[in-house]
Every structure is written in structure tokens, then in C-alpha cells.
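Observations on the three-dimensional arrangement
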Amino acid sequence: MMAVYTMNATRNNLYGSLSAEFEPSLTIKSGDTVRYSCFDAGWGTASEEGKRIKPFGRRDGLDPGHALSGPIKIEEAKKGMVLEVKINDIIPGPYGFNSAGEYPNWQNQKLNLTQYKEITLNWTLDRQNMVGVTEINGRTFSVGLNPFMGIYAMPPEEAGIHSTWPPRFCGGNIDCKELTKGSVLYLPIPVDGGYFFVGDGHAAQGDGEISCQAIECPMELVDLTFTVHQDMSLNMPIANTPSGWICFGFHEDLNEATVQAMDEMLKLMCKLYNVNRVEAIALASTIVDLRITQVVNGVKGVHSILAHGALRSH
């Protein structure tokens, strides 16, 4: 019988970095489920009154990045295998926030936004109606919520401590808004045991995450089921989502990230439809969408989407 575990965020299972050298917070078997509560990326969580609090300080050298829950060790996971992460449910906390302006990142410099003082929008999240509300200069603005986790990650094979900021072949700061409830993410396993982390909750985000932040929020529940595929091989993450099949590309150069996302989609379509690469790209040009996942994590992201039912063979 498969087990179901609960991991509430505590000082002992929160990290601001990735490493296979950390003591596992939990050891599970393939097929088991973990039900998390997660802090927001900036190390905040909701008080009993629904207000943002920061109960834990960051440790020097260990916690420079996003607040991540983990690591989880999966007994059957071996380097070179594939970890399936099924996203059963995601429920955001009661608040969110996002900032813009002033900070000298590349997009603010290009858009002449560094001359403006940074602003922060505070959002109230109505989880029953799935609406987020904020105010600007006395006016109320609302957006529909589409909660997802920005980071599903395992550390790269190199020893030591690794940054939470970039997306990698083994997961990381992917920031793909399609990875919602009902999605299944497949990640190449880089180290024995996997050492899986999750965090960076978002209540809503546009493709690109152009201000550098989505609506950042804690998560009341992130329900994930983990399955190890011993005979499956991947070079990059792929996902089967409610929107369709998704393939990813990550690179500092957006052109290179695009090529990766296209290449992975061609590989997938060759398997799904028993066609060659030239036939696959001819078909893909009629139905596959390319989207900019995010441009703010140093390593940029592109994802290609093959919508379910868009291509039928007879």
C-alpha cells in the first residue's frame, strides 16, 4: 500500500539552496504521496489572522534563495532514471504580493524603470472564488487565480550547495504557469535518491514573469505523488498538463532555449506519432505553440505546447 505523508514547513525542512548533502527531511518510496504546506519564496507565511509573518531567519551560506521544502529522498531513485511528479492539488494561502521597478535587472534597465521607486502590490486571495484583489491609488484591481509552484527541483550531480535561482535539466526555478493541479511533471534524476525540493508558490503569473515576480504566496496545500520510472530516459523536463504536452528549454540565450524546447518537442512527437524529425516539425509548425516561460532567472525559459487533441491520426 502506498503511503501518504504530511510535511508542514518547519525550520528543519526549509532550505534556501539545493544539495544532495543535506540530511533528508523525509524518505519515501516510489508511489508515495507527500502533502506539503509551503512558505512563500521570500520566507514568509500566514499567521492565524492571515497576515504575512517571517518566523525563521536565514542561515548564512544555506539560505540565500527561495524558501524550499525538502529534501525528500526517494528510495528507488537512481541517477539516469526519471522522476514523475503528479500534482494532485494546490491551494494558495490567504495573501500574495509582487514588486516592480527600481531594481537594476536587465529588463528594468531596458525599459527605463530603474528611475522609479520600487512598488509592492499586496493581494488578498479569495480561494473560494479564485480571485486575487489589490489596490492602486484607491482603485481596485482583480485577477483570476491560477496557482502553481515555481520550483520543482533536484540538485545537479556536482557536489556542494547550489542556487535556487536558475532552472536546470533536473528541475529548478522553472516558473511555468501551466504546471497546475492535474499536471504530471517528468524530471531526469541527477543523483541517487533524487533529493527533491519544492517551493516558490505563485497565485497567478503571466508568461515571462516580466516584473521579476508573479503573485508570490505561501501554499496551504501542495499535494504531490512521486513515481520513479526505471526504464525511462530524458535529457530535459517534460510535462503532461491539462493544457497539453509541454517541453522545456533553458539557456542564458533565448534563442538557445527556444531550440532546446523545439528539439525536445520533436523527440516527443516522434514517439507519440511514429514519425521522423522532419515530419514532426512539419506537423508541429501547424499546431505547436512556443511560449516564453520566464526571462528573469538568469537562465531564460521557453516551453513548447502540444495541445491535447490538436493532432489526430487515422
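Here is a short report on the structure shown in this document. A quick note: this is a predicted structure, and the numbers were derived from the prediction, not measured. Every chain begins its residue count from 1, and numbering advances along the sequence as written. Only residues with pLDDT of 70 or above have their local features reported here, since the model is predicted, and side-chain atom pairs are shown and tallied only from 80 upward, although totals for entire chains, interfaces and linings are computed over all residues. Calculation of side-chain values draws on the structure's entire complement of heavy atoms; hydrogens and water are dropped beforehand.

**With respect to the environment of Arg 35**
Within the secondary structure layout, Arg 35 lies in strand 4 (residues 33-38). Classification of Arg 35 as partly exposed rests on a relative accessible area of 34%. C-alpha separation for the pair Arg 35 and Asp 223, spaced 188 residues apart in sequence, amounts to 4.4 Å. In this analysis, two residues are considered to be in contact whenever any of their non-hydrogen atoms come within 4.5 Å of each other. Beyond its immediate chain neighbours, meaning those up to four positions away, Arg 35 contacts Val 4, Tyr 5, Thr 6, Met 7, Leu 221, Val 222 and Asp 223. A polar contact is formed between the side chain of Arg 35 and the side chain of Asp 223, at a distance of 2.6 Å. Every helix listed is a DSSP run of H or I at least four residues long, and every strand listed is a run of E at least two residues long, numbered separately from the N terminus. Burial here depends on accessible area, computed with a 1.4 Å probe over protein chains only, as a share of the maximum for the residue type. Under 20% is buried, over 50% is exposed, and the range in between is partly exposed. Between N or O atoms, a polar contact is any pair within 3.5 Å; within protein, one atom must be a potential hydrogen donor and the other a potential acceptor, and residues adjacent in sequence are included only when both atoms are from side chains.

**Some remarks on the side chain of Ser 17**
Following the sequence through the fold, Ser 17 ends up in the loop between strand 2 (14-15) and strand 3 (26-28). There is a polar contact of 2.7 Å between the side chain of Ser 17 and the backbone oxygen of Leu 62. Excluding residues that lie within four positions of it along the chain, Ser 17 makes contacts with Phe 22, Leu 62, Ile 161, His 162, Thr 164 and Phe 197.

**Some details on the sheet that holds strand 18 (residues 219-229)**
In spatial order, the strands read 1-4-18-8-16-19-20-22-21; together these nine strands make up an open sheet with mixed pairing. Whereas interior strands pair on both sides, the edge strands pair on one side only; in this sheet they are strand 1 (4-7) and strand 21 (289-294). Between one strand axis and the next, the sheet turns by 25 degrees as a mean value, whatever way the strands run. At least two DSSP bridges between two strands are required for those strands to pair. By the bridge criterion, 10 bridges tie strand 8 (residues 82-92) to strand 18 in an arrangement that is antiparallel. The partner of Val 85 across the bridge, within strand 18, is Phe 226. Contacting strand 20 (244-251), strand 21 and strand 22 (300-307), helix 2 (residues 254-273) crosses the sheet at an angle of about 145 degrees to strand 20. Axis angles are defined between N-to-C directions and span 0 to 180 degrees, where every axis is a line fitted to C-alpha atoms and, for a helix, only to the segment in contact.

**Quick word on the state of the cysteines**
In this description, a disulfide is simply a cysteine sulfur pair whose atoms lie within 2.5 Å. This model, assessed by the stated rule, comprises zero disulfides. With no disulfide partner, Cys 176 has as its closest neighbouring cysteine sulfur the one in Cys 247, 11 Å distant. Looking at Cys 176, the relative accessible area reads 1%, which means it is buried. Counting only cysteine sulfurs, Cys 38 is the nearest neighbor of Cys 217, a cysteine outside any disulfide, at a range of 9.8 Å. Looking at Cys 217, the relative accessible area reads 0%, which means it is buried.

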